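Chain by chain, the residues:
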Amino acid sequence: MKELDILFIHPATHYRSSDQDGRDLVTFLVMPLGTLALADLLDRNGYSTVVYHTGIEQLQDRSFKVEDIFRLYEPRVVGIDLHWFVHSYDAVRIAEIAKHNSNAHVVLGGFTASYYAEEILNRFGCVDAIIRGDAERPLLELMRHLENSELGGVPNLVYRGRGVIKRSRREFIAGVDDLRGLDYANFELLHNRERYCRLISQSGDLDPHPWRVSVKRHAWLPLGRGCSVDCSYCGGGRGAQRLITGRPEPIYQPKEQVLETLSKFMEYGIDSVYMDFDPYPDRRYYHELFEMIRREGIDISAQFLLWSLSDRGFVREFARTFNPLYSTLTISPETGSEEVRIRNKGFHYTNEELTRWLEYAKEEAVPVEAYFSTGLSSETPEAFEETIRLAERMVKRYPIASIACNPLVLEPGSPRHLSPEDFGLRIKFRDFLDYYERFRRLALGLPPESRLGYDTEWQSEHQIIDNSFRFNQMISSMKEGFQ
Amino acid sequence: MPVFEMELHLPVKVFRRAPFIYTGVDSRSLILGAFSDPLTNRGMNLQRAFPLLVSSRHPDGRLADQLFSLAFLYIDDDERRRLHLTHPILLEGEGEALETLLSGANRIASTLGCASMDIEAHHEVLGSISFPSSMSPISYDLGKATLIGLNEVSLIKKGFRAVEEIRCLSADIHYLEDRLSDEKRSNEYVAAASPKEFKEIEKMCRSLPIRSYTLSNADATLNPAENIPISEGTTWIIRRRRRWGFGELTVEGFMRWSPNLFEAMERFRTPYLPLFQDILRYEYRAGKVFEWGFRSRDKGIILPLLSAAAEAMKHMGIETIQLGCVDFRQGFLKNLLEEYGFKVVHRIRLMRRTVEH
Ligand code: SF4
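Fair warning: this is a prediction, and the values are worked out from it, not measured in the lab.

Cut-offs applied
Residues numbered from 1 in each chain as written. Chains lettered and ligands numbered in written order. Predicted model: local features only at pLDDT ≥ 70, side-chain atom pairs only at ≥ 80, totals over all residues. Heavy atoms only, no water. Helix = DSSP H or I, 4+ residues; strand = E, 2+ residues; numbered from the N terminus. Rg over C-alpha atoms; globule rule 2.2 N^0.38 Å. Buried < 20%, exposed > 50% of the residue type's maximum accessible area, 1.4 Å probe, protein only. Contact = heavy atoms within 4.5 Å. Areas by Shrake-Rupley, 256 points an atom, 1.4 Å probe, with all protein chains shown as cover. Lys, Arg positive; Asp, Glu negative; His and termini not counted. Charge placed at Lys NZ, Arg CZ, Asp CG, Glu CD. Buried area = accessible area lost by both parts, 1.4 Å probe. Salt bridge = Lys/Arg side-chain N within 4 Å of Asp/Glu carboxyl O. Polar contact = N/O pair within 3.5 Å; in protein donor to acceptor, adjacent residues only side chain to side chain. Expected span 1.5 Å × (residues − 1). Arc of directions from axis to C-beta. Domains from an automatic or database assignment. Pairing = 2+ DSSP bridges. Nonpolar A, V, L, I, M, F, W, Y, C, P; charged D, E, K, R; others polar. Phe/Tyr/Trp six-rings, centres within 6.5 Å; stacked < 30°, edge-to-face > 60°. Patch = residues over 30% accessible without salt bridge, like charges linked within 9 Å, V, L, I, M, F, W, Y side chains within 5 Å. Axes fitted to C-alpha atoms, helices over the stretch in contact; angles between N-to-C directions. Parallel < 35°, antiparallel > 145°, perpendicular 65-115°, else oblique. Left-handed = near helix turned anticlockwise from the far one by under 90°.

Observations regarding the overall build of chain B
Looking only at helices and strands, chain B features 10 helices and 19 strands. Relative to the globule expectation of 21 Å for 357 residues, the C-alpha radius of gyration of chain B, 21 Å, shows essentially globular dimensions. For chain B, the residues scored as buried account for 61% of the 357 residues in total. Within chain B, residue pairs in contact and separated by at least 24 positions form 78% of the contacts whose partners lie at least 6 positions apart. Per element, the accessible surface of chain B, about 14,700 Å² overall, is 49% carbon and sulfur. Each charge class in chain B was averaged separately, 47 positive and 47 negative side chains, and the resulting centres sit 2 Å apart.

Points about the overall build of chain A
A count of helices and strands for chain A gives 19 helices and 20 strands. Rg of the C-alpha trace for chain A: 22 Å, near the compact-globule value of 23 Å for 483 residues, within the 12% margin. Taken along its principal axes, the extent of the C-alpha atoms in chain A is 65 × 55 × 45 Å. Burial analysis of chain A (483 residues in total) assigns 62% to the buried set. By element, 46% of the accessible surface of chain A is carried by carbon and sulfur atoms, the whole surface being about 19,200 Å². Charge-centre separation for chain A: the mean point of 59 positive side chains lies 1 Å from the mean point of 72 negative side chains.

Structural notes on the interface of chain A and chain B
Many descriptions give the size of an interface as the accessible area lost when the pieces come together. Opposite the 40 residues of chain A that make contact, chain B presents 40 residues. Carbon and sulfur atoms supply 55% of the area that chain A and chain B bury against each other, a total of about 3,500 Å² over both sides. Across the pair B:R16 and A:D299 runs a salt bridge whose closest N-O atoms are separated by 3.0 Å. For the pair chain A and chain B, the interface holds 11 residue pairs in polar contact (both at pLDDT 80 or more). Listed by contribution, the elements that provide at least two residues to the side of chain A that touches chain B are α9 (193-199), β10 (213-214), α13 (312-321), α15 (351-363) and β18 (400-407) of chain A.

Regarding helix α16 (residues 381-397) of chain A
Residue and element names in this part refer to chain A. In a regular helix each residue adds 1.5 Å, so 17 residues correspond to 24 Å; α16 covers 25 Å between its end C-alpha atoms and thus fits that length. Within α16, burial applies to A383, F384, T387, I388, L390, A391, M394 and V395. Relative to the axis of α16, the buried residues are bounded by an arc of 165 degrees and lie together on one face.

With respect to the domain arrangement of chain B
Residues and elements named next belong to chain B. By the assigned domains, chain B splits into domain 1 (3-166) and domain 2 (169-347). Taking only C-alpha atoms into account, the centre of domain 1 sits 27 Å from that of domain 2. Residue-level contacts link 46 residues of domain 1 with 38 residues of domain 2. Around 3,700 Å² of area is buried between domain 1 and domain 2 when both sides are counted, 60% of it from carbon and sulfur atoms. Connecting domain 1 to domain 2 are five salt bridges.

Some points on the pairing of strand β19 (residues 343-354) of chain B
Two faces belong to every sheet, and in a regular strand the side chains alternate between them. All names here are of chain B. A large share of β19 lies buried, amounting to 10 of its 12 residues. The sheet contact formed by strand β10 (residues 116-125) and β19 spans nine bridges and is antiparallel. The residue bridging A121 from the neighbouring strand is R349, located in β19. Here strand β12 (residues 161-172) pairs with β19 via nine bridges, running antiparallel. Residue pairing across strands places A162 opposite M351, the latter belonging to β19.

A closer look at the domain arrangement of chain A
All names here are of chain A. Splitting chain A by domain gives domain 1 (2-167) and domain 2 (212-478). With 25 residues of domain 1 at the contact, the number on the domain 2 side is 30 residues. Between domain 1 and domain 2, a total of about 2,600 Å² is buried, with carbon and sulfur atoms accounting for 71% of that surface. Interface area lost by domain 1 to domain 2 is led by F85, Y89 and Y115, which between them contribute 27%. D134 is the partner of R225 in a salt bridge, and the nearest nitrogen-oxygen pair spans 3.1 Å. Counting across the interface, domain 1 meets domain 2 through seven residue pairs in polar contact (both at pLDDT 80 or more). Contributing elements (two or more residues each) for the side of domain 1 that touches domain 2: β2 (13-16), α4 (88-101), α5 (111-115) and α6 (117-123). A per-class count over the side of domain 1 that touches domain 2 returns 13 nonpolar, six polar and six charged.

What to know about the packing of aromatic side chains
Residue and element names in this part refer to chain A. Counted according to the given criterion, the structure contains 37 aromatic pairs over all chains. Taken together, a centroid distance of 6.2 Å and an interplanar angle of 50 degrees make the contact between F85 and F439 tilted. Taken as a pair, F85 in the loop between β5 (73-81) and α4 and F439 in helix α18 (residues 432-444) lie far apart in primary sequence, 354 residues in all. Overall, F85 belongs to the buried group, its relative accessible area being 14%.

Quick word on a negative patch on the surface
Residue and element names in this part refer to chain A. A surface patch of negative charge is lined by E338, E339, E353 and E386. Inspection of the secondary structure assignment puts E353 in helix α15. Under the relative-accessibility criterion, E353 is labelled partly exposed at 35%.

Topic: the packing of helix α1 (residues 34-44) of chain A against helix α7 (residues 136-145) of chain A
Residue and element names in this part refer to chain A. Packing of α1 against α7 leaves a shortest axis separation of 10 Å and a crossing angle of 40 degrees. The angle between the axes of α1 and α7 places the two elements in the oblique class. In the crossing of α1 with α7, the sense of the turn from one axis to the other is right-handed. Contacts from L38, L41 and L42 in α1 reach E136, L139, L140 and M143 in α7. Here the contact of α1 with α7 is composed, by residue class, of six nonpolar, no polar and one charged.

A short note on the sheet that holds strand β17 (residues 368-374) of chain A
Working definition: the strands of a sheet are paired by backbone hydrogen bonds and lie parallel or antiparallel to each other. All names here are of chain A. A sheet is described by the order of its strands in space; here six strands give the open sequence β11-β14-β15-β16-β17-β18, paired in parallel fashion. Across the chains shown, the open sheet's two edge strands, defined by having one partner strand only, are β11 (218-220) and β18. Averaged over neighbouring strand pairs, the angle between their axes works out to 20 degrees when direction is ignored. Docked against the sheet, α13 engages β15 (301-305) and β16 (328-334), running at close to 145 degrees with respect to β16. The sheet contacts of helix α19 (residues 461-477) involve β17 and β18, and relative to β18 the element is tilted by about 160 degrees.

Thoughts on unusual backbone geometry
Residues and elements named next belong to chain B. With omega at -10 degrees, the peptide bond leading from F131 into P132 counts as cis. Even without being a glycine, E79 presents a positive backbone phi close to 70 degrees. One can find E79 in the loop between β7 (63-75) and β8 (81-85). The phi dihedral of R269 falls on the positive side, at around 50 degrees, and the residue is not glycine. Of note, R269 is situated in the loop between α8 (261-268) and β17 (286-294). Looking at R269, the relative accessible area reads 32%, which means it is partly exposed.

This is the structure in C-alpha cells:
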C-alpha cells in the first residue's frame, strides 16, 4: 500500500435505474473546476496527491468500489468535493467509506458543504472538517497544521475539536494573485484521465441511444469567481457568494493564465471549452482575451454562456476567435414572460431585445443553445404558455442547436431558499438532510418525496414538472428550423 | 517505429486542415459534439458515423494526431451493409498510420456485418472543385485539404479494387453559352422549380433512368443532394407533352445546382449548411450542377437544362460551371459535355475491399 498525503475523490451521483434490472448508474460526471487546481497546488508544495473520480472508475470497471482505492493508498487526508447539492448523499457515503477503511482526516469543501458546514459536522461523524469558501490557502495550511492538531489557525475551517464543532477565526478570500498561480490543467494527477474529457462530453452509460457517438473532448475553462447580480433561483449569485465565500464582487482569472490553460488543453487534445463566467455586460475582459487567443493561434471551440445579452460586436468577435466546429453561444431567457423574467433574473431583457440578439447570431452564423426553466416565481400556467410560444418562434426562425426547459430545483443559499415567502414558495428542502435524503432515495431506487423541493403560490411541484415534459415534447415534435 | 492507436474522435483541427461543409441530417447534434443519425436496419438502430482518428503515442504518453477519416455505414441497393470511408486527411507525419486506420475500419466493418469497406479516393483534382465535392455528407474544400496521397497500387496490394469512378467536369460559362447559343433549341418547357414544386415532383425526378451517381438509393440520407436546401432559380425541370395525351406534361429531366459554397464558407466560417444565410446574395466564381436526371440520352433534354442552369449562374456573376456525379458508365454524357468545352477536373475512385467475417 502506498502512503499518500492527500487523496481527492469526486463523488459522482448514483442512481438506481427504474427498469427491471435496477442497475446502479452514475450521473453528474463533471468535477468542480478547482479540484485539479487544488491537487496541483498541493503537489507543487511537496504533498503527494492523487485525484479519483468515482464515476469514471465505475464506467471503466463495472465492479469498481470506492473501498478499492484504500487497498492501494493510505492517505493522510481525504478531500471530497461537495460543491453541487446533487452530490450530497454520495459525498457523505464516500466520507463514511474513507473513515472506515483508513485513518485519514476527512475534509469536505465546495458551496453545499460550506453552506451546511455545521449541520454536516453535527450529523455525520465521518466528516472531520469542512473548508468554507475558497480552499487554496486553507488546504495548504491544513496539511501543515494537521501534525500539531492546531486547526484553529487554518483559515475558513469548520472542524470538530474535542467533540465540539468549531470555526477558525481567520478568513481567506482568494484574490487575483491567488488565482494567478493555479494550474487547472494538470490532468496527470487524475486517475484514468483519458476517459474524463471524453465522458464529460456525453452522458456516458446513461445515454439511452448507443448510436449517438460523442466525437469531441470537452473541458471546463476557469475564468473567474463570483457574480454581480442575484437571480432568485441561483445559489451562486452575489448574495450567496458573500454568505459562503465572503467575496464582495467578481474577480477574473488573469488573461495570460487563461491562455496558458487553453494551450495545455490543446496539448491534451481537448476540442472545446465551456466558458461559464460572464458577470459584467460590458465584456471588456473578453474582447481583450479573444484578441489574445487569436494572436496566439489557439485553435479550440467554445461554448460560451452569456449571462446577459451581448451586442453584435461580441457575437462577431466570438465567431472570429473560436473554431466553429463545436462553438455555440448559450442564452438562458428562462421564460417567455417579460414580467416573470424581471422578477427572477438578475440580468433581464425584453423579448424584443432577445429577438434582436438572435438576429445577430443568425447573421453571424453562430449556433445558439437556449435554456428555459419552469417553477419561477410569479410563473402562472398562462405565463408558461408564453414560454412555449417564445421557444416555438425561436426554433422556427433562428439557428437553435439545442433548446430545453428544466424544472428548477431549489438551490441551497439561493434567494428563494433564504426567503421563500418573498418569492411565493412553500419549500420542502430546507436542511442538508433534505438534500441528502433526496439523493439517498435516488441512489437506492426509492421514489422521492419531493423532486424540486417546493411548490409555488402559482403552481404545484407536479405542474412544474409536467410543464417541462410538455415543453420538451413540443420541441422534439417540431420538424421546422435548423436540423 | 511509432506506436499508432485509433479512436473515435473528430478533433477541431480537422476543420482547419481540411475545411469542410457537412450535409448530414444531424448538423444540430454534431455542433454539440455527437453524430446522432442512426441507421435503422433489420429492426436495429445502428451507429451510422465513425470518426476515425489515428494518433501516435509519444514516449511521454501523449498522443499526436496523424490521420483522420469519417466512416459511414450505409445500406446499398441490394440491402447489403457497407462501410464508406472518406479520403483520409493528413494531420501530422507522412501517412504511415494508414495501415492502422484500415485495420481499425476493417474491425468496425466486420463487427457491423458489412459486405465491404470502401474508400472514397480523390484520385485527380485539377484546380478548384466546387461544392459538393463528395458523395458522402462531408465535402472537403479540396483546394485546401491536406489529403493523404493514396497510392492505388498499394491499395490493390492490400486487397482493394476500384469499383466506381465518379467524375466532375468543368467549363468556362461564357464559352459554354456561346456554344449553346449556336444551336437552335426549344426550351419551351424548361422552367425553374420552387422548393415547394420540387418537393412535389422529387420522387419522379429521382426515379428517372439516367441519374447523377449516389452511393445508395435505398439509404438516401447520406446523399448530399438530399440535404442541400433549394433556393429560387437553382432547380430546373424540363417537361414534354406526351404524344398520346391531352396537354399532359411529363418530367423529362432536371438539374439542381449550387453556388460554390466553399467560397461562402470564408465569410460564414462554419461547416454547417443550415447556418449559411441567403446564399444567393453573395458573389461566387463557380457553381456546380450536383444532381441531375434524364429520361433518355437525348441532347434535347440535357442541353436546355444545362443552358438554363448556366444562365442562372451567369446572372449571379459566376464564371465557371461544373457538373458532377458522372459515373464511368455515363460516357455519353462526358462526351457530350466535352463537345461543349467541359473538361474532367475531378475523379473520385471508389476502392472496395471485401470484409471477411
Ligand atoms: S447571473 Fe444569475 S444564474 Fe448566473 S451566476 Fe449570477 S446569479 Fe447565478
